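# Report on the structure
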Amino acid sequence: MSKFSKILPWWAFLPLVGCFVLNALVYWTTQSLMADAYHYDFTLPIDRKIPVIPWWVSIYILSYAFWAINYILIARQNKRACYRLVFADYFSKIVCGIFFVIIPTTNVRPELIGGGFWEFMLKFIYYMDSPTNLFPSIHCLVSWLCAIGLRGTQVSNWYKVFSYIFAIAVCVSTQLTKQHYIVDVFGGIALAEISLLLGEYFVRKKNFT
């Protein structure tokens, strides 16, 4: 058995690569398709009251490592946990793509004052990530899948608790960096829950063990 297969079984490798590929296809393709379309701004009064706290960009950036670690951790448990997560991921990204085309969204980012490290990092995120494809939030969606995907697995309870806490922190970071609206957060979490329920139905139907 290779060292790699000890980390991730062969039957989980391509499905997880598919998660990454589909995410990129949905996100970048819809951005390109809808570049000249009218974009809706779902900013609510409560959104305007939430301050910008630049250091929260650290949580926003760390979420990428959190996704990779948890997707691998879940997928290596067994085929049932792996394919439940993968189905939920694929389904949710397709739904996101539909929303990004039917209801393209944008927001107005604040002017960042100050030249500190975290202000620089947040400006970099703003530069790299245009304010579109906001509803539902993929950051919140995937982070929540990372937490709820651990349900029914043999992963330690302390790590399950940590995953929920970190997923919530990611959702908070999307607000305090002004990357998303409040409704994007709830949309992402709701879509994650629905997608995992459908994923559970899928693995039961296919009799994965």
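Report on the accompanying structure. Counting restarts for each chain: residues are numbered from 1 in the order of the written sequence. In keeping with the model being predicted, local features are shown solely for residues with a pLDDT of at least 70 and side-chain atom pairs are shown and tallied solely at 80 or more, while totals for entire chains, interfaces and linings include all residues. Side-chain descriptors were evaluated using all non-hydrogen atoms of the structure, hydrogens and water having been removed beforehand.

### Looking at the environment of Trp 10
Just so we agree on the cut-off: Secondary structure elements are defined from DSSP: runs of H or I of at least 4 residues count as helices, runs of E of at least 2 residues count as strands, and each element is numbered from the N terminus.
Mapped onto the elements of the fold, Trp 10 is located in helix H2 (residues 10-33). Separated by 126 residues in the primary sequence, Trp 10 and Pro 136 have C-alpha atoms spaced 32 Å apart.

### Digging into the side chain of Glu 200
We count it as follows: Burial classes follow relative accessibility: with a 1.4 Å probe on protein chains only, a residue under 20% of its type's maximum area counts as buried, one over 50% as exposed, and anything between as partly exposed. Contacts between residues were defined by any pair of non-hydrogen atoms, one from each residue, lying within 4.5 Å.
Considering the arrangement of structural elements, one finds Glu 200 in helix H9 (residues 182-206). The exposure class assigned to Glu 200 is buried, which follows from its relative accessible area of 16%. Not counting residues up to four positions away in its chain, the partners in contact with Glu 200 are Arg 80 and Arg 84.

### Re the pattern of salt bridges
Here is the rule: When a carboxyl oxygen of Asp or Glu lies within 4 Å of a side-chain nitrogen of Lys or Arg, that pair is called a salt bridge.
For the coordinates displayed, the defined rule picks out five salt bridges. Between Glu 200 and Arg 84 there is a salt bridge, and its shortest N-O distance comes to 3.3 Å. You can see Glu 200 sitting in helix H9 and its partner Arg 84 sitting in helix H5 (residues 79-102), a full 116 residues away along the chain. A relative accessible area of 10% places Arg 84 in the buried class. With a shortest N-O distance of 3.0 Å, Arg 151 and Glu 193 are connected by a salt bridge. You can see Arg 151 sitting in the loop between helix H7 (138-148) and helix H8 (157-176) and its partner Glu 193 sitting in helix H9, a full 42 residues away along the chain.

### Description of the packing of H5 against H9
The following threshold applies: Here, axes are lines fitted to C-alpha atoms. For helices the fit covers the stretch in contact, and angles between N-to-C directions go from 0 to 180 degrees. Angles are sorted into four bins: roughly parallel if under 35 degrees, roughly antiparallel if over 145, roughly perpendicular if 65 to 115, and oblique for all others. Should the near helix be turned anticlockwise from the far one by less than a right angle, the crossing is termed left-handed; should it be turned clockwise, right-handed. Each residue gets one of three labels, nonpolar for Ala, Val, Leu, Ile, Met, Phe, Trp, Tyr, Cys and Pro, charged for Asp, Glu, Lys and Arg, and polar for the others, Gly among them.
Taken N-terminus to C-terminus, the directions of H5 and H9 make an angle of 135°; their axes are 8 Å apart at the nearest point. Regarding the angle of H5 to H9, the classification is oblique. Where H5 crosses over H9, the two elements pack in a sense that is right-handed. When H5 is examined against H9, the residues Arg 80, Tyr 83, Arg 84, Phe 87, Ala 88, Phe 91, Ser 92, Val 95 and Cys 96 are found in contact with a partner set consisting of Leu 191, Ser 195, Leu 196, Leu 198, Gly 199, Glu 200, Phe 202, Val 203 and Arg 204. Looking at the contact of H5 with H9 residue by residue, the classes come out as eleven nonpolar, three polar and four charged.

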